[in-house]
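Architecture and fold: a report
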Amino acid sequence: MGKRQLEMREMAATKRTSSGAGAKADSRSRGAGDNSAPAIADFSKEQELHAYREMLLIRRFEEKAGQLYGMGLIGGFCHLYIGQEAVVVGMQMAKKDGDQMITGYRDHGHMLAMDLDPKGVMAELTGRRGGLSKGKGGSMHMFSKEKHFYGGHGIVGAQVALGTGLGFSNKYRENGNVAMAFFGDGASNQGQVYESFNMAQLWKLPVVYVIENNKYGMGTSVERSSATTDLSQRGASFGIPGEQVDGMDVRAVLAASDRALEHCRSGKGPYILEMVTYRYRGHSMSDPAKYRSKDEVQKMRTEHDPIEQVRKRVLDANWATEEDLKAIDKDVRALVAESAEFAQNDPEPDVSELYTDILL
Amino acid sequence: MPIDILMPALSPTMEEGKLAKWLKAEGDTVTAGDVIAEIETDKATMEVEAVDEGVLGKILVAEGTEGVKVNEKIAILLAEGEDASAADAAASAPAAKAEAPAPAAPAASAAAPVAAAPVASEPAEDPEVPAGTPMKASTVREALRDAMAEEMRRDGDVFVMGEEVAEYQGAYKITQGLLDEFGAKRVIDTPITEHGFAGLGVGAAMAGLKPIVEFMTFNFAMQAIDHIINSAAKTLYMSGGQMGAPIVFRGPNGAAARVGAQHSQDYASWYAHIPGLKVVQPWSAADAKGLLKAAIRDPNPVIFLENEILYGQSFEIPDVEDFVLPIGKAKIERTGSDVTLVSWGIGMTYTMKAADELAAMGISAEVINLRTIRPLDIDTVLASVRKTGRVVTVEEAYPMCSVSSEIAYQVQEKAFDYLDAPILRVTGKDVPMPYAANLEKLALPNVGEVIDAVKAVTYTA
Ligand SMILES: Cc1ncc(C[n+]2csc(CCOP(=O)(O)OP(=O)(O)O)c2C)c(N)n1
Ligand SMILES: [Mg+2]
């Protein structure tokens, strides 16, 4: 394993200060065109508080989903996003109206970040008629045309080619929008990812490929599945610039996203962001996660938690008091409780829905 | 010994071509590798190289001659010192038969024809084409191209992508001229990356564009079938009706000729299995044109299964501004009273010939051209069955879990009391497509098998 990879693997496992990250990010962005922008965005008070609230909403929502799953109210597979919140929130803060997102089955966080009603998301998890897909999609398959969220896909890697098609449509229509295709470290070994990279660069499509490297694809670590573990360089043979980003620090995510989106919007083609992150829970609700140590998880939680990082900064800067933050938490909890309430009381879809929405 | 130069076959499905130009004259010396002539097929102009050395003794087919059959003698090559009289003698000898011997005809069809007066089995009018509509000749290839061009003129969101569709003008020349008219933005050469570009197309369709994705053949779409089924067919349902994929996947499907097992499969029943897809399998040029236009306008994913052997065939099609056929509607090609023959796509070629022969034998066959496989127009089939009481289906695909199986099931379910005989199916054989000419012929259905099946269900053996 090369020195750089080692460094990267340590990145999330060692405590880092924000200033230290700058130099590292520079060395990690080989191939990234104009890299003059800082590795860490300077957040205003409003940005910090916005990020805090958004991430907390995802966290509380997912905790509640886990609870409902345990109660048998959510069926099938349910993949929680806990630990990875900074990735989607940072990207959401960087995007413009009209930019699209598409991801895999670990999609609840993306939908909340895309401003979808938590009630609709939760009710889809419980398979009720008020769910975003009328209860017919389930946890892994949710969409919102209105909010430019294109799913929610259960086939590992499919969203990469589909997201490339979203980028294609932007270029075709010359609408200035950028598509963000999120996928995992495991998905990054799928053949269609490279088919997509090739076409996207060949045709200069505005697509940001966001690899959410949470270190595991189900029970298999990146090291056990991938011949090269610096996933940001997976576009190198196509000439696609890529950077590794501290995906636990929402400011780093925003800074990198700004660069990536600007690159795409200015017609230079696709861009790869490898978000180095971590999921605290098992792959899905039914995964006891025996393939990693409790220490590993604990270390990430205590030293790198994306929400705690913001919380500490806001308090240190005196931008909010403990009470202020508690109030936010209370707000968020109420929102989530309301969504859970709705998701339990909303009726199941009418049986006539069985045969609707098959063809237009 | 003079050497015969024969009309070469330049593609697996070529049967004849035009001798466009001679590049050597009588009396010229030719060495192996020299280009001696140019030949035009419906797909391309190709150069013919000499394989032997000698003097071009006699040209037997003048340049500009159309419809020169493969293996016809086109010139005589003389060895050093031979004179022209040898060429004359050679010219009158029959051409060497390069084709493998045909398999023996099935015993039953070789039996003495049933003594009966010819009966009525009339070509039927297409209710979609009003009487008096002007008609013109068109190949299936031209019909497909025209359909795409017309729809692209009509709607700027329609674009076509696939391997070799633009600059090369299509591997089978279906997209001929489209690049010129619509430019590289809308006629897009893709890398060889079926899974990727199928997914890209579906993504673009989810965002509201209307892609036509050409597969060089549907055999290669197996690499893309995940996106066709999981992404294109299911999204409308999974999104509770919010977004679907208005996309057409099209290309040649089924057996061409002598291309072996991996290039010869008919996928109709695979796609027909899937809710959320429409599956169209045209036979004639009119089917091709009217249905492809409908497919492009359809807001759902449509699988459009063409056939390479049909591309060059010519049919009468309505010569009207905007000829669109309804998807999901079968066409009665011939009316008859003794038996219902149900077929689609290239299966129709056997079926129509069989119906002719049957008429001469005194059996009146009604021929239904399904045109669309999903949704299946079972009502048209049932109406016919209620009249004839007998059904034979004809297709080139494998028998197991075939479209024929489904038709047989639905007919027995919905018209059991009208049946006077078991439903029979004539299909491709249950084997990977063999390469050898004789085995390939055996693996495909033939007219004799259709006639035998009809005799069996009409108890006229
Ligand atoms: C084509 C395909 N193969 C296998 C699976 C089963 N599967 C679901 S998630 C998963 C692991 C993916 O890991 P990764 O891409 O790292 O994403 P993460 O779950 O970590 O977010 C697997 C193997 C699938 N859904 N699709
Ligand atoms: Mg992973």
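Please read these numbers as outputs of a predicted model, since none were measured by experiment.

**Considering the site of ligand 1**
All names here are of chain A. Around ligand 1, the structure places 15 residues, and the nearest of them are Y105, R106, G186, A187 and N214. A distance of 2.7 Å is found between an oxygen atom of ligand 1 and a side-chain nitrogen or oxygen belonging to Y105. Within the side chain of H283, a nitrogen or oxygen atom sits 3.3 Å from an oxygen atom of ligand 1. Isolated, ligand 1 exposes 590 Å² of accessible area, and the fraction of that covered by the protein chains is 71%. Considering only residue class, the shell around ligand 1 consists of six nonpolar, seven polar and two charged.

**As for the UniProt feature "domain: Lipoyl-binding" (unreviewed entry) in chain B**
With numbering matched to this structure, UniProt assigns "domain: Lipoyl-binding" (unreviewed entry) to residues 2–78 of chain B. Across residues 2–78 of chain B, helical content stands at 0% and strand content at 53%; the span's end C-alpha atoms are separated by 5 Å.

**Thoughts on the pairing of strand β4 (residues 35–40) of chain B**
Residues and elements named next belong to chain B. As defined by bridge partners, strand β2 (residues 16–22) adjoins β4 across four bridges and the pair is classed as antiparallel. Directly across from K18, in β4, lies its bridge partner E40. The pairing of β4 with strand β5 (residues 45–49) spans five bridges and is classified as antiparallel. Of the residues in β5, the one forming a bridge with V35 is E49. What sits between the antiparallel neighbours β4 and β5 is a turn of four residues.

**A short note on the side chain of B:S402**
With respect to the helices, strands and loops of the structure, B:S402 is situated in the loop between β22 (391–394) and α13 (403–415). Not counting chain neighbours up to four residues away, the residues in contact with B:S402 comprise B:S269, B:E395 and B:R425.

**Looking at the nonpolar core**
Ranked by internal contacts, the top residues of the largest apolar core, which has 77 residues, are B:F215, B:F249, B:Y271 and B:V411. It is helix α5 (residues 194–206) of chain B that contributes the most residues to this core, seven residues altogether. Here this core gathers at least three residues from each of two domains, domain 2 (108–127 + 329–458) and domain 3 (135–318) of chain B. Counting 72 residues, the second largest nonpolar core, distinct from the first, contains A:L116, A:M122, A:A320 and A:I328.

**Here's the deal with the interface of chain A and chain B**
Across the boundary between the two partners, chain A contributes 38 residues, which contact 44 residues of chain B. Together, A:F143, A:Y172 and A:L360 form the three largest contributors to the area buried by chain A at its contact with chain B, with a combined 21%. The interface formed by chain A and chain B contains one salt bridge. Note that B:D157 and A:R173 form a salt bridge whose closest N and O atoms lie 3.9 Å from each other. For the pair chain A and chain B, the number of links is 18 residue pairs in polar contact (both at pLDDT 80 or more). Residues belonging to the side of chain A that touches chain B are distributed by class as follows: 19 nonpolar, 11 polar and eight charged.

**Focus on helix α15 (residues 447–457) of chain B**
All names here are of chain B. With nine of 11 residues buried, α15 lies mostly within the body of the structure. Where α15 is concerned, the buried positions are V447, G448, V450, I451, D452, A453, V454, K455 and V457. Capping the start of α15, N446 holds a side-chain oxygen 3.0 Å from the backbone nitrogen of G448, two or three residues further along. Y459, located one to two residues past α15, shows a positive phi value of around 50 degrees.

**Digging into the pattern of salt bridges**
Considering all chains together, one arrives at 46 salt bridges over all chains under this definition. For the salt bridge of A:E63 with A:R60, the shortest nitrogen-to-oxygen distance reads 3.0 Å. Pair noted here: A:E63 and A:R60 are both in helix α3 (residues 45–70), with a separation of three residues, about one helical turn. The class of A:R60 is buried, set by a relative accessible area of 17%. Each of B:E150, B:E151, B:R154, B:K289, B:K293, B:R297 and B:D322 takes part in one network of salt bridges that share partners.

Conventions we followed
- Residues numbered from 1 in each chain as written.
- Chains lettered and ligands numbered in written order.
- Predicted model: local features only at pLDDT ≥ 70, side-chain atom pairs only at ≥ 80, totals over all residues.
- Heavy atoms only, no water.
- Near = heavy atom within 4 Å.
- Polar contact = N/O pair within 3.5 Å; in protein donor to acceptor, adjacent residues only side chain to side chain.
- Areas by Shrake-Rupley, 256 points an atom, 1.4 Å probe, with all protein chains shown as cover.
- Nonpolar A, V, L, I, M, F, W, Y, C, P; charged D, E, K, R; others polar.
- UniProt positions renumbered as here; feature names shortened; annotations may be inferred.
- Helix = DSSP H or I, 4+ residues; strand = E, 2+ residues; numbered from the N terminus.
- Pairing = 2+ DSSP bridges.
- Contact = heavy atoms within 4.5 Å.
- Core = buried A, V, L, I, M, F, W, Y, C linked by side-chain atoms within 4.5 Å.
- Buried < 20%, exposed > 50% of the residue type's maximum accessible area, 1.4 Å probe, protein only.
- Domains from an automatic or database assignment.
- Buried area = accessible area lost by both parts, 1.4 Å probe.
- Salt bridge = Lys/Arg side-chain N within 4 Å of Asp/Glu carboxyl O.

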